[in-house]
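# Structure at a glance
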Amino acid sequence: MKSEIYFMQRAIDLSKLGKYNVAPNPMVGCVITEKNKIISEGYHSKFGSDHAEIVALKKLKKNINNNMIMHVSLEPCCHIGKTGPCVDSIISSGIKNINIAMLDPNPLVKGKGVKKLRANGINVKVGICNKEAKIVNKGFISRIVQNKPYVTIKQAVSIDNKISNPKSKWLSNKESRKDVQFLRAESCAILIGSETLYKDNPKLNVKLKNSDLKTNLKIRNPIKIVLDSKLSKKITDYKFFKGSGKKIIFNNIVTNFDKENNIDYIKVGKNNLGLNIESILKILAKKYQINYLMVEPGAKLLKSFILKNLIDDLIIYKCPIIIGKFGLDAFSTNSKYLKKNIIEIDTIKQMSNDVKITYKFKKK
């Protein structure tokens with residue numbers, strides 16, 4: 001007999017199908033069962049579209065009875081946002097049994113959805129696959145609970161700890177570079193420093209096809225962010241500023257909004273490491289509702305994030321080349337700070353002749 005865990009894990013797996021398009025909403029999946037069989041399922045596919053529970057109810061081809069159970073990966077909403085409250089639709093549907101993996105951390109919902117369901121005679125069980133559900137929505141949780149996006153830093157590094165090669169545009173191989181595009185597609189925003197803007201002149205768009213992402217929805221490019229404290233870079237000189245997508249320039253001079261070019265200039269304070277990264281992350285969480293922030297830093301910016309312990313994941317693509325003295329040094333991984341047991345290896349994956357290492361940073 002299939003267990004409640006099996007059906008909740010299916011709901012969680014379904015939720016992941018929305019990872020490219022639902023932000024700033026959380027990812028949610030829903031399964032409806034009857035007598036230990038799945039009879040309907042759905043997931044939240046795009047911001048502004050039906051939530052997972054509504055999709056599953058609309059797809060249900062049978063009349064609801066007391067043997068049916070709804071398994072949903074996140075507490076149903078009880079407030080009006082882009083759509084109506086899911087709890088009202090669930091109550092009116094006649095479903096009498098609901099399993100929920102985790103409570104919604106959003107204060108507008110947390111516990112209130114469960115309370116209303118129970119007040120209307122629905123049997124509610126909370127906590128099945130709770131840990132797995134939280135991992136899926138770590139970005140949403142970080143934004144709501146910690147008031148900062150979930151920060152992933154990506155860097156390609158040579159064997160001799162260099163992050164640039166004066167003889168080549170690339171350090172990493174083709175497979176690694178394509179893998180980075182998936183990271184971009186999953187990110188709400190991508191951040192670089194002014195030196196990276198100057199040296200690389202990147203577009204920072206997602207270079208993938210719909211077939212790569214297995215979706216028919218329009219591919220969403222992340223918001224592009226650059227740190228330029230003195231506003232020293234002209235927007236007409238860089239590909240970064242082309243296109244209609246949102247761009248943000250954090251600086252130490254002015255707050256201004258260029259609607260024609262869709263560029264927000266946001267003034268923030270400085271400290272001994274440069275622009276105040278902590279303030280920037282709070283602004284990105286509160287004003288721009290960024291769940292997942294990808295950072296492609298130079299050595300100085302990486303040092304700022306590490307010293308302030310603001311990294312959640314650090315992804316290193318270790319490349320089998322030796323660059324020598326003319327390459328730019330990465331921030332030393334032998335730093336005394338990194339010996340304080342704040343970092344651990346999460347996964348190691350071979351990418352052709354590169355090696356992708358994902359590190360997790362422990363929080364204080």
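First things first, this report covers the structure right here in the doc.

What counts and how
- Residues numbered from 1 in each chain as written.
- Predicted model: local features only at pLDDT ≥ 70, side-chain atom pairs only at ≥ 80, totals over all residues.
- Heavy atoms only, no water.
- Pairing = 2+ DSSP bridges.
- Helix = DSSP H or I, 4+ residues; strand = E, 2+ residues; numbered from the N terminus.
- Axes fitted to C-alpha atoms, helices over the stretch in contact; angles between N-to-C directions.
- Contact = heavy atoms within 4.5 Å.
- 1 Å grid on protein atoms, 1.4 Å probe; cavity = no way out; pocket = protein on both sides within 12 Å on 5 of 7 lines; lining within 4 Å.
- Points joined across faces, edges and corners; volume = space filled by probe spheres on them.
- Nonpolar A, V, L, I, M, F, W, Y, C, P; charged D, E, K, R; others polar.
- Salt bridge = Lys/Arg side-chain N within 4 Å of Asp/Glu carboxyl O.
- Buried < 20%, exposed > 50% of the residue type's maximum accessible area, 1.4 Å probe, protein only.
- Patch = residues over 30% accessible without salt bridge, like charges linked within 9 Å, V, L, I, M, F, W, Y side chains within 5 Å.
- Areas by Shrake-Rupley, 256 points an atom, 1.4 Å probe, with all protein chains shown as cover.
- Lys, Arg positive; Asp, Glu negative; His and termini not counted.
- Charge placed at Lys NZ, Arg CZ, Asp CG, Glu CD.

With mixed pairing, the 10 strands of this open sheet are ordered in space as β10-β11-β9-β8-β7-β14-β6-β15-β17-β16. Two strands bound the open sheet, and with one partner strand each, they are β10 (256-258) and β16 (343-351). Each neighbouring strand pair of the sheet contributes to a mean axis angle of 20 degrees, computed without reference to strand direction. Bridge count between β16 and strand β17 (residues 354-361): eight bridges; the pairing is antiparallel. What sits directly across from Gln350, in β17, is Val355. Helix α11 (residues 299-307) rests against β6 (150-158), β7 (189-193), β8 (223-227), β14 (292-295) and β15 (313-319) of the sheet, and its axis sits at about 135 degrees to β6.

Turning next to the layout of surface pockets. When its volume is computed, the second largest pocket comes out at roughly 950 Å³. Along the wall of the second largest pocket there are 35 residues; nearest its centre are Lys19, Lys138, Leu183, Glu186 and Asp313. Listed by contribution, the elements that provide at least two residues to the lining of the second largest pocket are α5 (130-136), α6 (138-146), β6, α7 (174-186), β14, β15, β16 and β17. With four residues, the single largest contributor to the lining of the second largest pocket is α7. When its residues are assigned to classes, the lining of the second largest pocket shows 15 nonpolar, eight polar and 12 charged.

What follows concerns the pattern of salt bridges. Following the criterion strictly, the structure yields 16 salt bridges and no others. A salt bridge links Lys19 to Glu186, with the shortest nitrogen-to-oxygen separation between them at 3.6 Å. Pair noted here: Lys19 is in the loop between α1 (4-15) and β1 (29-34) and Glu186 is in helix α7, with a separation of 167 residues, a long-range link. Here Glu186 falls in the partly exposed class, since its relative accessible area comes to 30%. The shortest N-O distance in the salt bridge between Asp264 and Lys246 comes to 3.1 Å.

Another point: the side chain of Ser304. Within the fold, Ser304 resides in helix α11. Given the relative accessible area of 5%, Ser304 is considered buried.

Before going further, it helps to examine the environment of Val124. Along the chain, Val124 falls in strand β5 (residues 123-126). Ignoring any residue separated from it by four or fewer positions in sequence, one finds Val124 in contact with Ile98, Ile100, Val114, Leu117 and Arg118.

Moving on, we get to a positive patch on the surface. On the surface, Lys169, Lys203, Lys207 and Lys239 cluster together into a positively charged patch. Along the chain, the position of Lys203 falls in the loop between α8 (194-200) and α9 (210-213).

By themselves, these are just geometric observations and shouldn't be taken as functional.
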